[in-house]
Amino acid sequence: MKVISVENLSFKYRRARSYSLKDVSFEVKKGELLGVIGPSGSGKSTLCLALNGIIPNSIKGEFSGDVVIRDPRTGEEYNTKETPVSKLPTVVGLVLQNPESQLFNMTVEEEVAFGLENLGLDRNEILRRLRWALEVTGLRGLEKEFPPNLSGGQQQRLAIAAVLAMRPAILVLDEPTSQLDPVGKREVLGLVSLLRKEHGMTVVLVEHHTDYVFRFADRILVMDDGGIVLEGTPREVAEEAETLRKLGIKLPASLEISHELRKRGIIESPAFTEEELLSRIGGPSG
Ligand SMILES: Nc1ncnc2c1ncn2[C@@H]1O[C@H](COP(=O)(O)OP(=O)(O)OP(=O)(O)O)[C@@H](O)[C@H]1O
Ligand SMILES: [Mg+2]
């Protein structure tokens, strides 16, 4: 079942000279993890904003094409340009590129409850969702903390908790680990895996950490200059090593090495992990 369908989407910010998205089309199926990679300025964040209707409803500009979101739980379809911005976050949640910019309350629990109060839910439902969102993100026990005092990984998980509390079926994460240390990165990417496996969520993940994307994404979109230049499974995208290199996208080390070994005729197909690489070349684990 398709849950996101983007058709011929183009967008130009109001005062910008050129289009930030140029005739972008793709689909995402229920339960998929779609990885989005591409150089800085290629339109990844703009695309995220368009997926939950902030573009064109709150951030205006020249918009054409369609973004249609289908709620897999009800089957209902929402064309973002015709849907009130208050409705979309309950179907497609967006975690912005800067977690701090999304946190503005005095305590962790207020941060998560904030959006819920605006949904007009009753007190018990708010508490239920608050507890659930903090539980899934591993933040139980930190309810009374001042968000700026949390670690980077905790702040990012809090931003995710606030979005999850709205109970979206689809989660869009814009570079959720870019400002985190290795521990924070693991915490956040572990959470992404959990949300997919245990909560059946569909995830669109913009991520520079290509190790994770190539290993766990079902499909990858590679963006450049507002358009999609490559789209396919990690294996298909990894075949295009030259294109990726030209865009300055760093492949996981095991893939870089396997490309080199292929050029020399030592192995036949790309290896995604170190273990795979070792087994191809008949190393210790193979
Ligand atoms: N509010 C805005 N007004 C005008 N132009 C903008 C605005 N936001 C982004 N742009 C332009 O749109 C293009 C795409 O930007 P976007 O932020 O979507 O790229 P990105 O792929 O997310 O980059 P990064 O990897 O640095 O986050 C860039 O040329 C950028 O300068
Ligand atoms: Mg961005």
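This text goes with the structure placed above it.
Quantities reported herein were computed from a predicted structural model and do not represent experimental measurements.

Novice: Which residues make up unusual backbone geometry, and what are the values?
Specialist: Here the amide bond leading from Ile 55 into Pro 56 is cis, since omega sits at 10 degrees, within 30 degrees of zero. Mapped onto the elements of the fold, Pro 56 is located in helix α2 (residues 54–57). The residue Asp 23 is not glycine, and still its phi comes out positive at about 50 degrees. Among the structural elements, Asp 23 can be located in strand β2 (residues 21–29).

Novice: Before we move on, could you go through the pattern of salt bridges and cite the residues and values that matter?
Specialist: In the structure shown here, the tally under the stated rule is 24 salt bridges. A salt bridge links Asp 66 to Lys 81; its shortest N-O distance comes to 3.1 Å. Linking Asp 66 in strand β4 (residues 61–70) with Lys 81 in the loop between β5 (77–79) and β6 (92–95), this pair joins segments that are 15 residues apart in sequence. Relative accessible area serves as the criterion here: at 26%, Asp 66 is assigned to the partly exposed category. Across the pair Arg 128 and Glu 125 runs a salt bridge whose closest N-O atoms are separated by 2.7 Å. One end of the pair, Arg 128, and the other, Glu 125, are both in helix α5 (residues 123–136), 3 residues apart, so they sit about a helical turn from each other.

Novice: Describe the site of ligand 1, listing the residues and the values that go with them.
Specialist: Around ligand 1, the structure places Tyr 13, Ser 20, Pro 39, Ser 40, Gly 41, Ser 42, Gly 43, Lys 44, Ser 45, Thr 46, Gln 97 and Glu 175. One of the backbone N or O atoms of Ser 42 is found 3.2 Å from an oxygen atom in ligand 1. Ser 45 places a side-chain nitrogen or oxygen 2.9 Å from an oxygen atom of ligand 1. Summarising the interface, the protein chains cover 60% of the accessible area of ligand 1, which totals 630 Å² for the free molecule. Counting residues per element, the shell around ligand 1 draws most heavily on helix α1 (residues 44–51), which supplies 3 residues. Along the lines of polarity and charge, the residues of the shell around ligand 1 split into 2 nonpolar, 8 polar and 2 charged.

Novice: Can you lay out the sheet that holds strand β8 (residues 202–206) for me, pointing to particular residues and giving the numbers?
Specialist: Within the open sheet, the 6 strands sit side by side as β6-β7-β8-β3-β9-β10. Their pairing is mixed. Only two strands of the sheet have a single partner each, and these edge strands are β6 and β10 (227–232). Averaged over all pairs of adjacent strands, the angle between strand axes in this sheet comes to 15 degrees, irrespective of strand direction. In this structure, strand β3 (residues 33–37) lies alongside strand β9 (residues 219–224), joined through 4 bridges in parallel fashion. Directly across from Gly 35, in β9, lies its bridge partner Ile 220. Along the sheet face, α1 touches β3, β6, β7 (170–174), β8 and β9 and points at about 155 degrees away from the line of β7.

Novice: Break down the sheet that holds β5 for me, with residues and values.
Specialist: Strand order across the open sheet formed by 4 strands is β2-β1-β4-β5, with antiparallel pairing between neighbours. Two strands in the sheet have a free side with no partner beyond their single neighbour: β2 and β5. With direction set aside, neighbouring strand axes in the sheet form an average angle of 10 degrees. By the bridge criterion, 6 bridges tie strand β1 (residues 2–13) to β2 in an arrangement that is antiparallel. Residue pairing across strands places Lys 2 opposite Lys 29, the latter belonging to β2.

Novice: Please provide a residue-by-residue account of the coordination of the magnesium ion (ligand 2), values included.
Specialist: Geometry sets the ideal angles at a metal, namely 109.5 degrees for four tetrahedral donors and 90 or 180 degrees for six octahedral donors. Of the protein atoms, only Ser 45 (OG) and Gln 97 (OE1) coordinate the magnesium ion (ligand 2), at distances of 2.0 to 2.3 Å. Taken together, the positions of Ser 45 in helix α1 and Gln 97 in the loop between β6 and α3 (99–102) put the pair 52 residues apart, joining distant regions of the chain. Judged by relative accessible area, which is 31%, Gln 97 ranks as partly exposed.

Novice: I'd like a description of the packing of aromatic side chains, backed by residues and values.
Specialist: Tallied over the full model, the rule gives 4 aromatic pairs. Their ring planes at 85 degrees and their centres at 5.2 Å tell us that Phe 104 and Phe 114 sit as a pair that is edge-to-face. Of the two residues, Phe 104 sits in the loop between α3 and α4 (108–118) while Phe 114 sits in helix α4, which places them 10 residues apart along the sequence. On the basis of relative accessible area, Phe 114 is assigned to the partly exposed category, the value being 36%.

Reading guide: rules and limits
Residues numbered from 1 in each chain as written. Chains lettered and ligands numbered in written order. Predicted model: local features only at pLDDT ≥ 70, side-chain atom pairs only at ≥ 80, totals over all residues. Heavy atoms only, no water. Helix = DSSP H or I, 4+ residues; strand = E, 2+ residues; numbered from the N terminus. Salt bridge = Lys/Arg side-chain N within 4 Å of Asp/Glu carboxyl O. Buried < 20%, exposed > 50% of the residue type's maximum accessible area, 1.4 Å probe, protein only. Near = heavy atom within 4 Å. Polar contact = N/O pair within 3.5 Å; in protein donor to acceptor, adjacent residues only side chain to side chain. Areas by Shrake-Rupley, 256 points an atom, 1.4 Å probe, with all protein chains shown as cover. Nonpolar A, V, L, I, M, F, W, Y, C, P; charged D, E, K, R; others polar. Pairing = 2+ DSSP bridges. Axes fitted to C-alpha atoms, helices over the stretch in contact; angles between N-to-C directions. Contact = heavy atoms within 4.5 Å. Donors = N, O, S within 2.8 Å, 3.2 Å for Na, K, Ca; no water. Phe/Tyr/Trp six-rings, centres within 6.5 Å; stacked < 30°, edge-to-face > 60°.

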